[in-house]
Amino acid sequence: MHNTTALLIELGATILALGLLGRLAGRVGLSPIPLYLLAGLAFGRGGILPLQASEEFVATGAEIGVVLLLLMLGLEYSASDLVTNLKTQYPSGLVDLVLNATPGALAALILGWGPVAAVALAGVTWISSSGVIAKVLGDLRRLGNRETPAVLGVLVLEDLAMAVYLPILTALLAGVSPAGGALTLLVALGTVGVVLYVALRHGRLVSRAVSSELPEMLLLVVLGLTLLVAGLAQEVQVSAAVGAFLVGIALSGEVAEGAGNLLTPLRDLFAAVFFVFFGLSTDPAAIPPVLLPALALAVVTALTKVATGYWAAGRAGVSVKGRWRAGGTLVARGEFSIVIAGLAVGVEPRIGPLATAYVLILVILGPLAARWTEPLARRIGRRRAPEPRAARDAEAAHAHG
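Residues numbered from 1 in each chain as written. Predicted model: local features only at pLDDT ≥ 70, side-chain atom pairs only at ≥ 80, totals over all residues. Heavy atoms only, no water.

J.: Explanation requested: the overall build of the protein chain in the structure shown.
T.: When its secondary structure is counted, the protein chain shows 16 helices and zero strands. For the protein chain, the C-alpha radius of gyration of 21 Å lies close to 21 Å, the compact-globule estimate for 401 residues. Here the protein chain holds 401 residues, and the buried ones make up 48% of them. Put simply, the protein chain shows about 18,900 Å² of open surface, and 67% of that area lies on carbon and sulfur atoms. (Helix = DSSP H or I, 4+ residues; strand = E, 2+ residues; numbered from the N terminus. Rg over C-alpha atoms; globule rule 2.2 N^0.38 Å. Buried < 20%, exposed > 50% of the residue type's maximum accessible area, 1.4 Å probe, protein only. Areas by Shrake-Rupley, 256 points an atom, 1.4 Å probe, with all protein chains shown as cover.)

J.: When you look at the pattern of salt bridges in this model, what are you seeing that I'm missing?
T.: Close approach of charged atoms lets side chains of opposite charge pair. Tallied over the full model, the rule gives seven salt bridges. With its nearest N and O atoms 2.7 Å apart, the salt bridge here joins Asp-268 to Arg-267. Overall, the relative accessible area of 42% leaves Asp-268 in the partly exposed class. The closest approach of N and O atoms between Glu-374 and Arg-325, which form a salt bridge, is 4.0 Å. With a gap of 49 residues between them, Glu-374 in helix H15 (residues 351-380) and Arg-325 in helix H13 (residues 320-329) connect regions that are remote in the sequence. (Salt bridge = Lys/Arg side-chain N within 4 Å of Asp/Glu carboxyl O.)

J.: When you look at the environment of Ile-33 in this model, what are you seeing that I'm missing?
T.: Mapped onto the secondary structure, Ile-33 falls in helix H2 (residues 33-43). Ile-33 sits eleven residues away from Gly-22 along the chain, and the two C-alpha atoms are 8.6 Å apart. The contact partners of Ile-33, leaving out residues within four places of it in the chain, are Val-132, Phe-275, Gly-334, Glu-335, Val-359 and Val-363. (Contact = heavy atoms within 4.5 Å.)

J.: What is the right way to read unusual backbone geometry from this model?
T.: The general pattern is negative phi for most residues beyond glycine and trans for most peptide bonds. Of note in this structure, Arg-141 is not a glycine but carries a positive phi near 55°. Given a relative accessible area of 72%, Arg-141 falls into the exposed group.

J.: I keep staring at a nonpolar patch on the surface and nothing clicks. Help me out?
T.: On the surface, Leu-86, Tyr-90, Leu-94, Leu-97 and Val-98 cluster together into a nonpolar patch covering about 470 Å² of accessible area. Judged by its relative accessible area of 33%, Leu-97 falls in the partly exposed class. (Patch = residues over 30% accessible without salt bridge, like charges linked within 9 Å, V, L, I, M, F, W, Y side chains within 5 Å.)

J.: Hey, could you run me through the side chain of Thr-14 in this one?
T.: For Thr-14, the location among the structural elements is in helix H1 (residues 3-28). A polar atom in the side chain of Thr-14 sits 2.7 Å from the backbone oxygen of Glu-10. (Polar contact = N/O pair within 3.5 Å; in protein donor to acceptor, adjacent residues only side chain to side chain.)

J.: It is not clear to me how the packing of helix H9 (residues 215-235) against helix H11 (residues 253-280) should be interpreted in this structure. Could you clarify?
T.: When two helices pack together, their arrangement is given by the angle between the helix axes and the distance between those axes. Packing of H9 against H11 brings their axes to within 10 Å, and their N-to-C directions diverge by 85°. In terms of axis orientation, H9 runs roughly perpendicular to H11. Contacts from Pro-215, Leu-218, Leu-219, Val-222 and Leu-223 of H9 reach H11 at Val-255, Gly-258, Ala-259, Leu-262, Leu-263 and Leu-266. The residue inventory of the contact of H9 with H11, partitioned by class, reads ten nonpolar, one polar and no charged. (Axes fitted to C-alpha atoms, helices over the stretch in contact; angles between N-to-C directions. Parallel < 35°, antiparallel > 145°, perpendicular 65-115°, else oblique. Nonpolar A, V, L, I, M, F, W, Y, C, P; charged D, E, K, R; others polar.)

J.: Mind showing me how you'd approach the environment of Leu-185 here?
T.: Looking at the element boundaries, Leu-185 is found in helix H8 (residues 178-210). Separated by 20 residues in sequence, Leu-185 and Tyr-165 place their C-alpha atoms 8.7 Å apart. With residues near it in sequence (within four places) discarded, Leu-185 still touches Val-164 and Ile-168.

J.: How do you make sense of helix H4 (residues 79-110) when you look at a structure like this?
T.: Each turn of an α-helix holds 3.6 residues, which means side chains three or four residues apart point in the same direction. With 32 residues, H4 should cover 46 Å at 1.5 Å per step; its first-to-last C-alpha distance of 40 Å lies more than 12% under that length. Of all the bends in H4, the greatest reaches close to 75° and is centred on Gln-89; the proline Pro-91 follows between one and four positions later. Once H4 ends, the next one or two residues include Gly-112, with phi positive near 80°. (Expected span 1.5 Å × (residues − 1). Bend = angle between axes of the 7 residues up to and from the residue.)

J.: I tried to follow helix H6 (residues 130-139) on my own but got confused; where do I start?
T.: Those residues of H6 lying buried are Ser-130, Val-132, Ile-133, Val-136 and Leu-137. Considered in projection along H6, the buried side chains sweep an arc of 165° and stay on one side of the axis. Turning to H6, the residues buried within the fold contact H2, helix H3 (55-75), helix H7 (148-173), H13, helix H14 (335-344) and H15. Of the residues flanking the start of H6, the one acting as N-cap is Ser-129, its side-chain oxygen 3.2 Å from the backbone nitrogen of Val-132. Phi turns positive one or two residues past the end of H6, at Arg-141, with a value near 55°. (Arc of directions from axis to C-beta.)

J.: Can you help me understand the packing of helix H12 (residues 288-315) against H13 in this one?
T.: In the contact formed by H12 and H13, the axes pass within 7 Å of each other and the chain directions differ by 140°. In terms of orientation, H12 lies oblique with respect to H13. Crossing of H12 against H13: the hand is right-handed. Seen from H12, the contacting residues are Lys-305, Val-306, Gly-309, Tyr-310, Ala-313 and Gly-314; seen from H13, they are Val-320, Gly-322, Arg-323, Trp-324, Ala-326, Gly-327 and Gly-328. Partitioned by chemical class, the residues of the contact of H12 with H13 number six nonpolar, five polar and two charged. (Left-handed = near helix turned anticlockwise from the far one by under 90°.)

Given below as structure tokens:
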């Protein structure tokens, strides 16, 4: 069979399968991420039906998927939102870092994977899934709840921290010297600072330069600019994903909204390809040996995320019920855990199977934890003194307002 013919058949079958899996996930109320990962495992080496002709194309699509994920994330925030959250929510961000990155780092060291793998696995267990959590909040009608700003504050700080963490991880994986790593960190911090300053002071000018009344022109300019900046960022060891995130932050107003609407279908397509590619690069036979460590790590970090949300919501003055809801909402891990693991598999291949099993567990457990953490805590704590009536009334008003 001609190579192009085989490519079209494999690619068409893969995308069709992803569409059907996405519909199935929507019907049962789950994120499609675990099904995409399982599809990748089935189509990869050692799977049921390995892909061959389309593997190189899927690898390139996966890179674009990461870039679009971070671009769309940046488009959701304005520079002023990020600065405000950084000033007001940084204690919650620090608690989140300590409670959730530490278990991953310790697990890597206990498994004997070394310090670089420890930094990578710390990121895998640290970052919650913004996409899954946003969907859960909408499905459970909690966007207006009192605890939701605290949840979103933690997510925003995690996303902003990615702009610093990813360049550090990239430098470590590349074997850069301590001096080179420090330089990379300074470049990353300086770049983030400059982009935030330009977006705050001159965001309208940037958006006006990119803006176009023709949707296709806006799509081409924003996508081309993003890929160009991502490539340049990769060239200077700052990470393509960070470059895309910063482009998203720099755009604002109607331009950001219009670009977001145009790019959402592309993001969803290439993000699905990315998850499949990660599954393709993971040997299914390598998952059973790491299943118990992944399960143990999932249980521990589910509890630490609950503690993070409880503390963050409590700091915002939310009642006990809302604190438990906030904690359960933050449990899900997903896209960025896979992004981080994908960067690290070249140095420590065993991170791939562990991260796959870990994300599969928590992306399924996350929506369940969001729904059941507060009722479960209420049942366990029935013997405790009830909340003051004023706090209950205020909580009910915000939850249903």
